[in-house]
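Analysis of the macromolecular model
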Amino acid sequence: MLKKALEGVLSEKESDELISAFDQIGDIIIVRIPDSLLAKKKVIGKTLLENVKTANSVFCQSSPVEGDFRTRDLEIIAGQDKTETEYKEFGCRFIVDVQKAFFSPRLSNERNRIAEQILDGQTVINMFGGIGMFSIIAAKNKKCIVYNIDINPDAVELCEKNIKLNKLSGKVFSIQGDAAQIIKEKLENKGDRVLMLLPERSDEFLDSAVAATKNNGIIHYYSHIHADKKSEATKLSENHFMDISPVVSKVLNSKIVRAVGPRYYQTVVDVKITK
Ligand SMILES: C[S@@+](CC[C@H](N)C(=O)[O-])C[C@H]1O[C@@H](n2cnc3c(N)ncnc32)[C@H](O)[C@@H]1O
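Reference entry: report on the structure contained in this document. Predicted model, so just to flag it, every value in this text is computed and none were measured. (Residues numbered from 1 in each chain as written. Predicted model: local features only at pLDDT ≥ 70, side-chain atom pairs only at ≥ 80, totals over all residues. Heavy atoms only, no water.)

One finds Phe94, Val96 and Ile131 to be the most contacted residues of the largest nonpolar core, which totals 38 residues. Mapped onto this core, the elements with two or more residues apiece are strand S2 (28-31), strand S6 (92-97), helix H4 (108-117), helix H5 (133-141) and helix H6 (153-165). The element that contributes the greatest number of residues to this core is H5, accounting for six residues. A domain split of this core shows at least three residues from each of domain 1 (2-82) and domain 2 (103-274). What Phe94 contacts, discounting residues up to four positions off in sequence, is Thr85, Glu86, Tyr87, Glu89, Gly132, Met133, Ile136, Ile137, Asn162 and Leu165. Of all hydrophobic cores here, the second largest spans 23 residues; its members include Phe128, Ile149, Val210 and Val269. (Core = buried A, V, L, I, M, F, W, Y, C linked by side-chain atoms within 4.5 Å. Buried < 20%, exposed > 50% of the residue type's maximum accessible area, 1.4 Å probe, protein only. Helix = DSSP H or I, 4+ residues; strand = E, 2+ residues; numbered from the N terminus. Domains from an automatic or database assignment. Contact = heavy atoms within 4.5 Å.)

Take a look at the structure:
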């Protein structure tokens, strides 16, 4: 439908490229427009807004996801200039601010995969928890306690709102600060599972993740890896983890979470550690 709507505006190749770079989050559309099409951004925005009936705003992403807070610059190209919206996933409701804090709808399968692995009674430490997506979906589905740490005060505030919205006070705890510092102060040896969703800096925080994990607990270690062949990406990440792991580790599972560039993948390795 969208392709049809863009027919008069873009060539077939251009619209294919644009549609794969398109996310809808609640009533907000975010689109990455290649430089060659930037001159047409207003008409692209208008066309998207007219054809996606549930959208009220269209933003063009004008920077990569970057900085300590993993946020991006957005430019309004059609509709209302507001960056906060409500998003629903797996029976949970989230207030999201697409400008102030990291959010990706493309991680939804991974959020579900993690929630399914958690056992009732477990304690989960989400070191880079953002607005609480993984934590809230986990706690809604399993009888677990989750510590959601984030350094971005806006993400922490949104996480607190999302905890209330999903009636999870006392099950999910939103903590502001540097994950390494918070773990050192109060979460050593507390986690049955520790999530490390800051793939660019996982190695730097691995000692803290190990410190946070109980003996025989599990670390979900995310990383970005170059692989000439897609089929080699998971083995490369497993090998990398085993090379740097400071403790005895057993890989339980590994998978590609998503492609993040040409021959570049975000992967996860689930590891049981013994200390
Ligand atoms: C890739 S995002 C993942 C957020 C969340 N897990 C999600 O999937 O929605 C990484 C998050 O780590 C946070 N962050 C970066 N450095 C941190 C640190 N030293 N301690 C705690 N959080 C940090 C950022 O603010 C950002 O929200």
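Read from one edge of the open sheet, seven strands run S9-S8-S7-S10-S11-S13-S12, paired in mixed fashion. Every other strand in the sheet has two partners, leaving strand S9 (172-176) and strand S12 (248-261) as the edge strands with one partner each. When strand polarity is set aside, the average angle formed by the axes of neighbouring strands in this sheet is 15°. Relative to strand S13 (residues 264-274), strand S11 (residues 213-226) runs antiparallel, the two sharing nine bridges. Across the sheet, residue His224 finds its bridge partner in S13, namely Gln266. Running at roughly 140° to strand S8 (residues 145-150), helix H7 (residues 179-187) makes contact with strand S7 (123-126), S8 and S9 of the sheet. (Pairing = 2+ DSSP bridges. Axes fitted to C-alpha atoms, helices over the stretch in contact; angles between N-to-C directions.)

Attention now goes to the packing of H4 against H5. Helix-helix packing: each pair is described by the crossing angle between the helix axes and the interaxial distance. For the pair H4 and H5, interaxial distance at closest approach is 9 Å and the crossing angle is 45°. In this view, H4 runs oblique relative to H5, as classed from their interaxial angle. For H4 against H5, the interelement crossing comes out right-handed. Residue-level contacts link Glu110, Arg111, Ile114 and Ala115 of H4 to Met133, Phe134, Ile137 and Ala138 of H5. By residue class, the composition of the contact of H4 with H5 is six nonpolar, no polar and two charged. (Parallel < 35°, antiparallel > 145°, perpendicular 65-115°, else oblique. Left-handed = near helix turned anticlockwise from the far one by under 90°. Nonpolar A, V, L, I, M, F, W, Y, C, P; charged D, E, K, R; others polar.)

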